[in-house]
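Observations on the three-dimensional arrangement
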Amino acid sequence: MKTNKLLLFVSLVIVLTVSAFTNKDVQTPPKKFVVVLDAGHGGKDPGNLGNGYREKSIALKIVLAVGEALEKNPDIKVVYTRKKDVFVDLFVRGKIANKANADLFVSIHCDSHTSQAYGAGTFVLGTHRNNTNFEVAKKENSVIFLEDDYKKNYAGFDPNSPESVMSILLSQEEYLDQSIQLAGLIQNNFANKLKRKDRKVKQAGFIVLHQTVMPSVLVELGFLTNKKEGAYLNSKKGQKEMSIAIKNAILDYKDTLDKNVRDFSVIDNSEDVVEIKTPVEDVVYKVQIAASSKDIALKSYNFKGLDAVTKIKEGHLYKYFYGKTSSYEETKALEKFARKKGYNASFVVAFKNGKKIPLLSAIKSKAN
């Protein structure tokens, strides 16, 4: 009897010791940076067939190449909406990204036109600035007619109606800043490194972007209907170059987040947070250059020589802004200067009465 009690006591001590050791020394691994890659079209939906090329095939090959390169980074997890030639509903693509708790959603497509138009462009969800952007979105959104129960899944959404498209645009404003950052990095690589014609970062009402709840972009690699560009995008050389450009932009975006939040050097943090004050009912623009968990003194030597830097605290982050003007055009010039100073992911932010507001709302209020 005594032997049994002794054995029970020894067993209990061993269990408690092992448990304490385990809880002390085993740490939960950090969350990986999740990138969802979406190859447009697929299966019964070939996409556009300019010059006999298949958009669905080119998009898939580039997505797989981007994913393969990103997967070499141990801190990144890649999720695909499709890895083969299958049809995937647009709303399902968004569900895949949301379920994965993704940090980025990148949808890859090829464009078409009745002319010999050419060039690469990247879209974020937003207001149609012109009819061309609406037509691009309409072509991509029309895929829903190939889906079963599309009226149920999209609550009567009509891709041919500008009013219907406008109704979906406000859902992603929370992520618009980050989406524009990534889109800008992609376009920079296309235009400056590959020397592709720069069709800029634009905004349009793509359903596939509307379905996601994270920074999201849609890349139009170029025009298959343009003989020279179509041949380039269909070639191994073109697909390799475009995939590297996209991969590098994603890594640059992630690197910017990591540096801003974790590695921002502090020389002096004795100053208080500066409250941004604007005249009543007035809208001003600033250029966000960094975000950090640390309180950085507003000295020019802390910001690569930039002066007129202000900061606000949002949650656990301090956000740093360069310049201040009521003109959006002037702010874009400030943004360009900040990028020359090394802030490659800087972007314009709008404030009204000291509070940050959606950039589109500010621009529209100035226009009225």
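The paragraphs below set out a description of the structure included in this document. (Residues numbered from 1 in each chain as written. Predicted model: local features only at pLDDT ≥ 70, side-chain atom pairs only at ≥ 80, totals over all residues. Heavy atoms only, no water.)

Secondary structure summary: the chain contains twelve helices and eleven strands in total. Out of the 368 residues belonging to the chain, those deemed buried represent 48%. Of the contacts formed within the chain by residues at least 6 apart in sequence, a portion of 78% connects residues at least 24 apart. (Helix = DSSP H or I, 4+ residues; strand = E, 2+ residues; numbered from the N terminus. Buried < 20%, exposed > 50% of the residue type's maximum accessible area, 1.4 Å probe, protein only. Contact = heavy atoms within 4.5 Å.)

Below, the discussion takes up the packing of aromatic side chains. Evaluated as defined, the whole model comprises five aromatic pairs. Seen from their ring centres, Phe303 and Tyr320 are 5.3 Å apart, and the 40 degrees between their planes marks the pair as tilted. Highlighted residues: Phe303 in the loop between strand E7 (283-292) and strand E8 (309-314) and Tyr320 in strand E9 (residues 317-325), separated in sequence by 17 residues. Since its relative accessible area comes to 0%, Phe303 is described here as buried. Taking 5.2 Å as the distance between ring centres and 85 degrees as the angle between the ring planes, the aromatic pair formed by Phe321 and Phe351 counts as edge-to-face. Linking Phe321 in strand E9 with Phe351 in strand E10 (residues 347-352), this pair joins segments that are 30 residues apart in sequence. Over the aromatic face of Phe87 sits the side chain of Lys44, whose NZ or CZ is 4.7 Å from the ring centroid. (Phe/Tyr/Trp six-rings, centres within 6.5 Å; stacked < 30°, edge-to-face > 60°. Lys NZ or Arg CZ within 6 Å of the ring centre and 35° of its normal.)

The subject of this paragraph is the environment of Val219. Among the structural elements, Val219 can be located in strand E6 (residues 216-223). Residues Val219 and Ile246 lie 27 residues apart in sequence; the distance between their C-alpha atoms is 9.1 Å. In contact with Val219, other than residues within four places in its own chain, are Val106, Ser107, Ile108, His109, Gly121, Thr122, Ile186, Phe190 and Ile246.

The strand order across the open sheet formed by five strands is E8-E9-E7-E10-E11, and the pairing between neighbours is antiparallel. Of all strands in the sheet, those with a lone pairing partner are E8 and strand E11 (355-357), marking the two edges. Each neighbouring strand pair of the sheet contributes to a mean axis angle of 45 degrees, computed without reference to strand direction. As defined by bridge partners, E8 adjoins E9 across six bridges and the pair is classed as antiparallel. Of the residues in E9, the one forming a bridge with Glu314 is Leu317. (Pairing = 2+ DSSP bridges. Axes fitted to C-alpha atoms, helices over the stretch in contact; angles between N-to-C directions.)

We now examine the environment of Glu68. The residue Glu68 is located in helix H2 (residues 55-70) in this model. Residue class for Glu68 comes out exposed when judged on its relative accessible area of 53%. Measuring from C-alpha to C-alpha, the distance between Glu68 and Ser243 comes to 9.9 Å, with 175 residues separating the pair along the chain.

A word on the pattern of salt bridges. When the charged atoms of two side chains lie near each other, side chains of opposite charge can form a pair. Tallied over the full model, the rule gives nine salt bridges. A salt bridge links Arg196 to Glu229, with the nearest nitrogen and oxygen atoms 3.2 Å apart. Placement of Arg196 in the loop between helix H7 (176-193) and strand E5 (198-204) and of Glu229 in helix H9 (residues 227-234) is noted, with a sequence separation of 33 residues between them. This pair shows no difference in class: Arg196 is buried, exactly as Glu229 is. Among the salt bridges present, the one from Lys200 reaches Asp198, with a minimum N-O distance of 3.6 Å. Salt bridges sharing partners connect three or more residues here, namely Lys332, Glu335 and Arg339. (Salt bridge = Lys/Arg side-chain N within 4 Å of Asp/Glu carboxyl O.)

Residues other than glycine predominantly adopt negative phi, and peptide bonds predominantly adopt the trans conformation. The backbone of Asn101 shows a phi angle near 50 degrees, a positive value even though the residue is not glycine. Mapped onto the secondary structure, Asn101 falls in the loop between helix H3 (90-99) and strand E3 (104-111). Positive phi, close to 55 degrees, is recorded for Ala308, a residue that is not glycine. By relative accessible area, which is 53% here, Ala308 ends up exposed.

Our focus in this paragraph is the pairing of E7. On any regular strand, side chains alternate: one points to one face of the sheet, the next to the other face. Among the ten residues that make up E7, ten are buried, leaving the element largely enclosed by the rest of the structure. Examined bridge by bridge, E7 and E10 share six bridges and lie antiparallel to one another. Residue pairing across strands places Gln288 opposite Phe347, the latter belonging to E10. Pairing of E7 with E9 involves six bridges; the strand directions are antiparallel. Residue pairing for E9: Tyr285 is matched across the bridge by Thr325.

Counting buried positions along E10 gives five out of six residues, so the element sits mostly inside the fold. As paired elements, E10 and E11 share three bridges and run antiparallel to each other. Considered in E11, the bridge of Phe351 is made with Lys356. The antiparallel pairing of E10 with E11 creates a hairpin that spans two residues between the two strands, and Asn353 there sits at a positive phi of about 55 degrees.

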